[in-house]
Every structure is written in C-alpha cells, then in structure tokens.
Amino acid sequence: MSEGSAAARPRPEVGRQGRRVLIPTIITLVALLFLGAIFTGVWTDRLWFRSVDYGSVFATMLSTRVLMFVVFGALFAGVVVLNVWLAYRSRPKTPGPVRPNDPVVRYREAIHPLRKVALIGLGILLLVFAGSSAAGQWRTFLMWRNATPFGKNDETFGRDISFFVFDYPWLRFLTGFGFALLIVSVIAVAVVYYIYGGIAFSGKNRKISRATQTHLSILIGLIMLLKAFAYWLDRFGFSVDSGNLLTGITYTDANARIPSKNILMAVSLLCALLFFANAIWHNWLLPGISLALLVLTSVLIGGIWPAIMQSFQVKPSEPDKEAPYIEKNITATRDAFGIAGVEKQNYNAQTELTPQQLTESAESRVSTRLLDPTLVSPAFEQLQQVRGYYSVPPTLDVDRYQLEGTDNPQDIVIAARELNLDGLPANQRNWANDHTVYTHGYGVIAAQGNQRGSQGEPVWVERDIPPVGELKLDKQPRIYFGENSPSYSIVGRPKKNAKPIEVDIPRGNGTTAEEEEAAGESPAENVTQNTYDGKGGVDIGSAFNKLLYAVKFSEPNIVLSNRVNENSKILYDRHPRDRVAKVAPWLTIDGDPYPAVVDGRVVWIVDGYTTSDNYPYSEKVSLDEATSDTLTGTGAQAVLPSDQVNYMRNAVKGVVDAYDGSVDLYQWDTEDPVLKTWMKVFPDTVKPKSEISPDLLAHVRYPVDMFKVQRNILGAYHVTDPQTFYEGGERWKIPEDPTAKGSLQPPYYLSIQRPGEEDSRFSLTSVYLPNNRQNLASFVSVNSEASDTENYGKIQILQLGSASTVDGPNQIANRFEADSRVSSALLPYKSAGTKVLFGNLLTLPVGEGLLYVQPVYIRRSATEGSYPVLQFVIASFGEGIGFGQNLDEALRVALGIEGATPPTDQADGGDGGTAPTPQSVEQLLQQADAAYDAAQQALEKGNLGEYQTQVEKMAEILGRVRAQVGATPATPTPTPDGG
C-alpha cells in the first residue's frame, strides 16, 4: 500500500503541469481565432471595396482608425504605465512598521514578483480599450480635420457654425479622453503608493510620503487645468443642449449659467495653480480649500443662482424674457432642416364645386393615383409572378414615366421582380440551388397609377419575362442586387465546356414551382440558363479567397464545391441601402430605396442624408420617431436610427445598378458644408450633380424620410412669431392613419395641381390636424419633380381658415363607412365572404377646395391565389359623399350635379386621360346591345374568353344605366380570381 501510494504521489504534479500547458494553449488558440476573425473581416472588406471601385474609401477609413487606435491607445497606456513606473521608483525604501496580518503586505508579496508582467498586461489592456474607443471617433476626427466653414456665425459667441458642428465634438472627445487618462493615472498611482507604503491609512502610521504628495499634486493639478478648459467648452454646449422649452441658449443660460461657467473656469485655474504649488510646498491646506471653494462655487453659482433666476425672474414673465431666444431657435431650426423657404398661404377651402370648376379640374382628377401601393402587391404577384421563386415587396413604389400618347409623365406603381428562395419547393432547397443556381430576379412590373382593368386589376405598362411594355427595359433586366437578394451567390463563367447553371428565363406554360414539383419536374427544367458576366462581385477563384469566404460565411462548401472555380465571383452585401451605406459610411440612408428603369437598365435610387446634432439653437428630433408611420418597419421602409439630430440635408443621390452592383454617388445639395467636408475626406467618390443623366433625373424624387422629418418639425415651426410659438395654440399634429389604427398616416406621392400652378406636378403630400382636434388644419406638399429645377423641393402649406371646417382623415373615413350608399353597395361582398379593403385615403386640392379620395378593394378570402381588385372609388368634397366605379362618377355623385354620369366606357376601365363626356340612357343601352351581339358572335365561334369579356361589359353598362336612372348602383358579383 505504501509503495502504491508513493507511486501515485507525482500524479497531481503531472496534472498541474498539464494544466499549466493547457491554459496558455487555450489562450493562444482563442487569441489566434480572434485575430483570424479580424483579419478575415478586414481582408474581405478590402476585396469588396476594390470590387466596387471604392478602395480609397476603405484605405482612408482603415488607416484613420488604425492611426487613432495606435496614437491614442499608446498615449493612454504610455502615460498610465509611465506614472505607475514613476510611482514604483519613488516608493519609500523602507515601508515602515508592519502590523500583524496587514493585508497590504500580502498584496505586496503577491504583486512584487509579477510586477513587470502586471505592468505589461496593464499597458496592453489600456492600449486596447483606449485605442478602440478612440478608433470609434474616426468620423469626428476627419470632420474636424477637414472642416468647411458655413459662412454664418452664431449670434451669441460670434463663431462660425462650423465650430459647433466640426470642432466642438472633437474638443469634447479630447476633453473626455483627457479626464479618463488623468483619473486612471491617479487611481493607478495611488494604488502603487498604497501597496508600497507611500500612503498609509491604518493605525498610527497614517501618512503620505513627500514623493506621493508631489506626484498626486501634479496629476490633480492637471485635472483642474483640464476642468477649466471643460468649463470654457461648456459655454458653447448651451447652444446645442436641449431644455424644457427649446434647444439652445435661454435667458437663464445667457444671464446666469454662462457667467457661472466663466467664474468656475477662473476658480479651476486657481485650484490648478495651488495643486502645482503643493508639489513643492507639500501642504494640502490651500489646495484643499481651493477644491472646497470650487465645489461650493459650482453649487451656489452653477446651480442655485440659475435656479433662483429661473424661478423668480424668468417664470413670472417667461414669454417676454424668452422671446429673443425663441426667435433664434425658430430661425435656426428652419434653416437647419431646410424649411426656411416654406410657402405658407391661407386657403379658404370651398365646399361646393360648380360643373364648370369640375370640368376645369379634369387634369388634376385624371392624374390622381388610385392604385394603392400597399394593397396591390398580391395582384402583382398573382398576375406577374411567373414562377413561385419570384416575388415583389409587400408595399410597392410610386414613380412617374413618360408613356406613349401622353403629354405629361404619368404616375406609375412599380416593383422589381426579385428572387424569393422561400418560393422554392422544400426538396429543391440545398446549398447548390440557394447559392449557385437561383441567383437573380428578372425585370420590373409596373402599372398605371390612375387606371383599372375591366375587373379592377392593374393596367400594366411593364410585364412578363422577357420584359414587355413601355418602360424600354431593353438592355439589362436581370436583378442580381436588390432588396430581397440572397445573402450571397457564387456566379461566373463555369469551367471550360460546362453548361451555364443559373436559372434565368422561365419558359413553357407558366406553371408555378409547386405545380412543377407535383408533376415531378424540377423548376430549373423549364427555364433557360445564364452565366453572370457583369463587373460586380469579388473574385473567389483562388484557394486563399475561398478559405476567407468559407470562414466569413461559415460554409465549407465554398472550399469543397467544384462549382467554385477559377472564374467564380461571389456577390454579397446586395441590398441597395447596405451598398450605399458601406461606400459612404458618413451618410444616413433613407429607408425607402426604389427601382427605376434608366437607360434600359434597372437601377435602385437611394437617398443619403448628412446630419448633425450640433447646429446651434436648432431643435433636436429623434430620426426614428420623426419618420415612424404605418409603413416603417413593415418591409416597405426601413426604420432609421434613433439618432438625435438638429441639422439634415438630402446631400447625396445614390444609384445602385441592379445587375452589376456598381454604386454611383451624386452631389445633390451643392451648398451643404457637411457634404463638402466629406468630399475633402474622400475625394473623387462623389460625382458632381451635372453628371446626372436626363433619364436618371426624370426619376429622382423628393425623399420620403426627409419630408417626414420636415413634416414633424413644421408641426410646431410653421409658426414664426415667438409669442404665438410660446403659447402653443397653433401647433399641428400628424393624423393617425385611418386604415391602420395606432400609426401615423404616411405621406403619399401624387401628381397634383397646386394653387398658383398651371400644371400637375409629382408631389409628396400630407395633412395636419390641430392639436387635440380631428378636423383638418392644413395641407402640405413638396414638389418632387427633380427636372423642375426651379421649383423642386419647394414646400407649400395650405392653411385652412377658421371660417370653414373641413373634416380630417379619420372623420372622413368614419363618414365613408357609415354612408348608406357605400354600405348597401358593399353589403353583397361582405355577405359573400369577401374582404372589403379600404385603400390609402388621399387628399388633394381641386377647384379651390380639398377633395378626399379613397379606393375600395375587394378580395375573396376563401380562395387560394386571390388578390385585391380595385372595385370602387369613394370621394368627398365638402359635405357630399360620392361612390362609383371611377373617380369622376364618385365626385359627380358627391356634388349632386344633375345629369351626373360617369365617363365614356373605356376598355381599361380607368379614369382615362380626358375630361368625362356625359352619356344618355339611350346611348348606354345601345352600347349594351352591341356588347350582347358581340358576346353571341364570340359564343358561336367558340371563343369563350371573348364571350365572358363582352358579357361582363354588358353587365357593367347596365349597372351604369340603373345608377343613372336612380336605382341602387350596380354591385358586380366577385369574379373567381378575386375580382
């Protein structure tokens, strides 16, 4: 037993040795994995930036961040380590008597043998943390380094606004960095002196050595010196600080807080001098008194004095005292958000419209968009999806195009037909299909915004694969970069003599992927194949690049698959917003990129904003709160960051090619100093505005998030009189969306004819309500036609007078639903189990009044593959409500015009492009007879499709006859396809 026990004794030592080897090994492996991940991220970013020709952006960002990491990290670590080393060198040679079980002795005995390792470890730790913190401020540094003057001074300090926007944030960072450096140094030095006996707190040995006093006095003196600088900087901070009343300097700030900062600055300088002197005198009495004086002064002068002034001098007459500062706030806010030039006019909206005014307003009504982009997505998918692996977004975009046979551009609802891997059958989902076969979408789908088909379906202006239509998508319809593209795809020319493998153009009878699967066919069997030959993407053919991207995407198939060869490219970061944000990280990106057909190709247009939260006197708003409405966060529009900003410009228009992913940035705001600053930082990355082609310019529109922020600000800042602003009685609010309770109503793109203008203009529109009321306060619109260089971006507010009361959107929506004619017409649909969907409630000026228009969609809920169809239009002008199959019919009913009849029958069922022509009952009956005869002829020939069309046409005409003679308006039976 004793021998066995003796033999077993060394084993714990072996275990301890194993652990001693294992722990460093694990640490080394973790460090290597961490460094490897960093290297993979940096190197793949380098490859990506080079692939889009923005390598200089990556180089500038990386070099700046590395430089700031090294300089500030080394400075922080070096200063602290130097102070620790000096404290160790200055430690007492004999620590003095030691009490039994004194913990300081144990600390000293434990640390002393490891002091060099501990010092190196402390330096590395501080280097990493301080360097990382500083590297995150690379934007602040570059803006300060390349600052561009605004050419405008603030009214309090007389400094150019660039000081607040560019210099102030950098000085704040340096101040905070300095405080952290000195405070950490004081703590580290105090700990060293305590451990080595320079500071004693126990027993009768309470003492501080002379070396300790000298060292700490110098460090605390530097803190006091830096505190004096911070007080000097605080004075400028009042110009950008938010208070209860406004952002910027108030009466109390100007007359109490700023003077108090001057006094505290002087006291801090005195404290600094006394602490520096104490390094020689070694007497803590005067420095202690000065420090107590600073604390007392900060309480009395920095806190109590302003509070007394605010309570007893300002509050009793606050409107008068604060009036000059409110005026500065109003002026600065309107300048900072680009609303200084808003045109505001009184608008005594009429509630009656004569037949002559109705005729004169024909152009405005005809161009009114009735197709609701939030409801027609299922119709686009069901009618134009082509295959189950294609899709369109849940909310579509509105643009305008010049179509054949029209004098002016027409409002178009458009969507890119993008790839949707979720539409593939489950047995087709694998790595090869997801990342090498199904790689791209195809073309766009577009429909007239103001027309409907005979059954309420969209009227296409661009459709099918290959594309057919009027948008001239004749060069490159494929979409490799979009809002719904796969995370990555590997494309490129296959190996020699290999067939293309990418699914491209569907062919055959248009069956869905599910139907093909049921028939035992692969979806790829009924398509032509394609090989990507665009310039976009990163070359991935080398073994090194394969390994990098296998690590990046955690996918070994990238290395193992023979589909990844020397000709392959990898496409990733494919969302248009992501691509623009990556090449221009100094921009805030609009939440709604939209597709456009430009020069025969599909491109994505992305708006970029320059922002700041340091514009003096300007009110701060939260971007996410100001831009949130029904559509944000639903896939239609991305949510903006929660940044607080008080300056915003639509500085850049970004264009992303849907085929090759190339990114072009164009200078849009040529006067923006923030943009000019970034153009100095990244030269040659933003192209001049003059290089925007006419075809691209035709599709540039006023950005929705910019308008939302301006709309939010104008709710209060449409008032320019300080007294009225203070009272708050004229403040407006954005209405709740009547179609989505609990969310704000989004702005709408419409072509409208604004008062004082001769032609309809593509505009972004919204309305306001008075606070705590539901009636309409005003109508606001902004000209969104970029080709109209003189008027683009001009905001017009039509403020309703108190003499007339116009219902707000929710009041109108309630009236629509409660109207007996509307209810009776919709009752058969509701009884048949169909869904009645009320579309976007539009407001537009017509005939010196305001017209409400709301499309009504019908959708069969029990039928697979059904989609909403535009069935009716409701209109309200004044007190009247009209209901019809088109806008003109509804408006005539609402106005009660005698002999009101809808426009002449049109093949597309739309509102047409000319003013309506009244028809008699006899004329309508003749048309019905003609349709009946045509139906019989089609039946005899066996053409059942034409027969059905003519029968439906006859039924529609007879319904109009019944409506004209006073009977209940016709309510066509829902068609099997959801109509």
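Structure: above.
So, here is what we can say about the structure in this document. (Residues numbered from 1 in each chain as written. Predicted model: local features only at pLDDT ≥ 70, side-chain atom pairs only at ≥ 80, totals over all residues. Heavy atoms only, no water.)

**Concerning a nonpolar patch on the surface**
Now for step 1: Together, Phe34, Leu35, Ile38, Val42, Leu62, Val66 and Val70 line one region of the surface with nonpolar side chains, adding up to about 590 Å² of accessible area.
Now for step 2: Only α2 (10-51) and α3 (55-89) provide two or more residues apiece to the nonpolar patch.
Now for step 3: Tallying contributions element by element places α2 first for the nonpolar patch, with 4 residues.
Now for step 4: For valine 70, a relative accessible area of 45% translates into the label partly exposed. (Patch = residues over 30% accessible without salt bridge, like charges linked within 9 Å, V, L, I, M, F, W, Y side chains within 5 Å. Areas by Shrake-Rupley, 256 points an atom, 1.4 Å probe, with all protein chains shown as cover. Salt bridge = Lys/Arg side-chain N within 4 Å of Asp/Glu carboxyl O. Helix = DSSP H or I, 4+ residues; strand = E, 2+ residues; numbered from the N terminus. Buried < 20%, exposed > 50% of the residue type's maximum accessible area, 1.4 Å probe, protein only.)

**Side note on the sheet that holds strand β13 (residues 488-492)**
Now for step 1: With antiparallel pairing, 3 strands are arranged side by side in an open sheet as β13-β17-β16. Edge strands, defined here as strands with exactly one partner in the open sheet, are β13 and β16 (538-539).
Now for step 2: Strand direction decides the pairing type here: β16 and strand β17 (residues 568-572), joined by 2 bridges, are antiparallel. Pairing of aspartate 539 across the sheet is with lysine 569, part of β17. (Pairing = 2+ DSSP bridges.)

**Here we look at the pattern of salt bridges**
Now for step 1: Summed over the entire model, instances satisfying the criterion amount to 26 salt bridges.
Now for step 2: Across the salt bridge formed by aspartate 657 and arginine 601, the nearest N and O atoms sit 2.8 Å from each other. Pair noted here: aspartate 657 is in strand β23 (residues 647-657) and arginine 601 is in strand β20 (residues 601-612), with a separation of 56 residues, a long-range link.
Now for step 3: Where salt bridges share partners, they join Asp45, Asp573 and Lys582 into one cluster.

**Remarks on the packing of helix α6 (residues 138-145) against helix α21 (residues 673-681)**
In a pair of packed helices, the angle between the axes and the distance between the axes together describe the arrangement.
Now for step 1: Put simply, α6 and α21 touch, their axes get as near as 9 Å, and they point 100° apart. By the criterion of interaxial angle, the relationship of α6 to α21 is roughly perpendicular. The segment α6 lies against α21, with Trp138, Arg139, Leu142 and Met143 engaging Val674, Thr677, Trp678 and Val681. (Axes fitted to C-alpha atoms, helices over the stretch in contact; angles between N-to-C directions. Parallel < 35°, antiparallel > 145°, perpendicular 65-115°, else oblique. Contact = heavy atoms within 4.5 Å.)

**Looking at the side chain of histidine 282**
Now for step 1: On the secondary structure map, histidine 282 appears in the loop between α9 (251-281) and α10 (285-314).
Now for step 2: According to the relative accessible area criterion, histidine 282 is buried, its value standing at 18%.
Now for step 3: A distance of 3.2 Å separates a polar atom in the side chain of histidine 282 from the backbone oxygen of alanine 279.
Now for step 4: In this structure, histidine 282 is in contact with Arg210, Gln213 and Thr214, ignoring residues within four places of it in sequence. (Polar contact = N/O pair within 3.5 Å; in protein donor to acceptor, adjacent residues only side chain to side chain.)

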